[in-house]
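Structural features, examined
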Amino acid sequence: MAKNPKILSIVLAGGEGTRLMPLTRDRAKPAVPFGGVYRLIDFPLSNLVNSGYRQVVVLTQYKSHSLDRHISQVWRFSPLLGSYVSPVPAQQRLGKHWYLGSADAIYQTINIIEDVQPDIVVIVGADHVYRMDFEQMVQQHIESGAEFTVAGIRQPIEESNQFGVIEVDPEHPNMIKNFQEKPATTTGLPDNPNQILASMGNYVANTKALFEALALDEKAADTKHDMGGDIAPYFASRNEAGVYDFNSNEIPGSTATDHAYWRDVGTIKQFYDAHMDLIAYVPEFNLYNQDWPIYTMSGNLPPAKFVHAGRDRLGHATDSIVSPGVIVSGGEVHHSVLSPNVRIHSWAQIVDSVLFDGVVINRRARVYKAILDKNVVLTENSTVGIDTEHDLARGFTVTPDGITVVPKNTIVDD
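Residues numbered from 1 in each chain as written. Predicted model: local features only at pLDDT ≥ 70, side-chain atom pairs only at ≥ 80, totals over all residues. Heavy atoms only, no water.

**Concerning the overall build of the chain**
Keep this limit in mind: For helices the rule is a DSSP run of H or I covering at least 4 residues; for strands it is a run of E covering at least 2, with both sets numbered from the N terminus onward. To get the radius of gyration, use the C-alpha atoms; to get the globule rule, take the number of residues to the power 0.38 and multiply by 2.2 Å. To sort residues, take the accessible area from a 1.4 Å probe on protein chains only and compare it with the maximum for the residue type: under 20% means buried, over 50% means exposed, and anything in between is partly exposed. Here, two residues are considered to be in contact whenever any of their heavy atoms come within 4.5 Å of each other. Accessible surface area values rest on a Shrake-Rupley calculation with a 1.4 Å probe, where residue burial reflects the displayed protein chains alone.
Secondary structure summary: the chain contains 9 helices and 30 strands in total. By the compact-globule yardstick of 22 Å for 414 residues, the chain fits well, its C-alpha radius of gyration being 23 Å. Overall size of the chain, expressed as C-alpha extent along the three principal axes, is 70 × 50 × 40 Å. Of all 414 residues assigned to the chain, the portion counted as buried reaches 52%. A sequence separation of at least 24 residues applies to 59% of the contacts in the chain between residues at least 6 apart. By element, 48% of the accessible surface of the chain is carried by carbon and sulfur atoms, the whole surface being about 18000 Å².

The following block contains the structure:
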């Protein structure tokens, strides 16, 4: 391995995101807005750029228009030093079909990897919220001598059936002994029997070994063409797979509260809970860490504004994130996230909710424990999240946890 190996990063952004419906009705999962001004794709891209990796290919597939537009408008680098973030749609190089899995997606774009000729390929997912310095993972990968390294995060052993589980070699804790996909029972870690290492969906691979594994997987009969379910076990069976414990990743500016924070936001509940993490008094994930910023572009917008200070009409927000362009005009906002250009009118109430761009809440309307997609309008005195049966009758999504989701461009008129 070269002293300063050439790195190519690949972001797997082709997920359909069916469990996030209706938020993914018109957009790819990585393009879903998050945290007021961001999109989910901004988190892995920011981590790669902050790690010093600025040759990035983003593999897209379903409903990719808004994702492609966001990447082309926001993630533009000067070509002077060879930096780029390049979206690549499904190529159909091996037949008239979509990607059959994450491994197949990479195999179908091998020509792009061959053109770059990297020593190492860093492969990351596009739909998790976290901070990670991938350079530290790459350094351990090189020092371990592994051909393929999987990033693992510690989780309670009773949740093993929800993850791909990494069983480590007790004598060589940086190497994978076995890789199990969502096992009913498993063995805890040598240093903590009550925890497991769950796969984060982030990988580092030596290019030549990766090509060989992908070529074999393409010809295999009993495969789902998945990086976690097929490629990782292949390398583990050959004693060539390493594991990187995410808990050891050190981020500048991180705190004890948000150290090793990682959230899968694949369901409405997970997506909602991750937003609530942002607005805690001491946030579990700190968006304000400027030593490791999350990059985006929220447009040429004016500052947020709060108007009306009467005794019975006070425009205010508490324990909330309020984005640029928002006007709270005599309404009340509590424990919520407001995206750009939201309008809250007099005597309206927004509590425990997430409002996407351009939402308008008119006078005396009320929203409780809800996610309102872009450009939703509540007319005067209308409600969302107050009456579950009423919300279901109007075609809104209501989760078992009581989170109501209103689709994009809906006019709610009671």
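What follows continues from the structure just given.
**As for the domain arrangement of the chain**
When the parts of a complex come together, some accessible area is lost, and that lost area is often used as the size of the interface. Operational definition: Each domain span listed reflects an automatic or database assignment of domains. In this description, buried area is defined as the sum, over both parts, of the accessible area (probe of 1.4 Å) that is lost when the two are combined. Salt bridges, as used here, are contacts in which a Lys or Arg side-chain nitrogen is within 4 Å of a carboxyl oxygen on Asp or Glu. Pairs of N or O atoms within 3.5 Å make up the polar contacts considered here, provided that, within protein, one atom can donate a hydrogen while the other can accept it, and that residues adjacent in sequence are counted only when both atoms are side-chain atoms. Ten residue types, Ala, Val, Leu, Ile, Met, Phe, Trp, Tyr, Cys and Pro, are classed as nonpolar, four, Asp, Glu, Lys and Arg, as charged, and the remainder, Gly among them, as polar.
Its domain assignment divides the chain into domain 1 (7-279) and domain 2 (305-412). Taking only C-alpha atoms, the centre of domain 1 and the centre of domain 2 are 34 Å apart. In this assembly, 19 residues from domain 1 lie in contact with 26 residues from domain 2. Here domain 1 meets domain 2 over a buried area of about 1800 Å², counting both sides, of which 71% is carbon and sulfur. Three residues, Pro22, Tyr272 and Ile279, lead the burial of domain 1 against domain 2; their summed loss comes to 32% of the area buried on that side. Connecting domain 1 to domain 2 are 1 salt bridge. At the junction of domain 1 with domain 2, the criterion picks out 4 residue pairs in polar contact (both at pLDDT 80 or more). Sort the elements by how many residues they give to the side of domain 1 that touches domain 2 and helix 8 (residues 268-278) lands first, with 7 residues. For the side of domain 1 that touches domain 2, a count of residues per class yields 11 nonpolar, 3 polar and 5 charged.

**Observations regarding the pattern of salt bridges**
What the rule picks out here adds up to 12 salt bridges. In this structure, Arg27 and Asp373 form a salt bridge, with 3.0 Å as the shortest nitrogen-oxygen distance. Residue Arg27 is located in the loop between strand 1 (7-13) and strand 2 (33-34), and its partner Asp373 is located in the loop between strand 25 (370-372) and strand 26 (377-378); the two are separated by 346 residues in the primary sequence. Taken individually, Arg27 and Asp373 each receive the classification buried, so the pair is uniform in this respect. Arg263 is the salt-bridge partner of Asp277, the closest N and O atoms lying 3.4 Å from each other. Taken together, the residues Asp277 in helix 8 and Arg263 in strand 13 (residues 262-264) connect sequence positions 14 residues apart. According to the relative accessible area criterion, Asp277 is buried, its value standing at 11%.

**Examining the pairing of strand 10 (residues 172-181)**
A regular strand places its side chains so that they alternate between the two faces of the sheet. Definition in use: Here the rule is simple: two strands pair whenever DSSP picks up at least two bridges between them.
As judged from the 6 bridges shared by strand 9 (residues 164-169) and strand 10, these two strands associate in the antiparallel manner. Across the sheet, the residue bridging to Val168 is Ile176, located in strand 10. Between the antiparallel neighbours strand 9 and strand 10 lie 2 residues.

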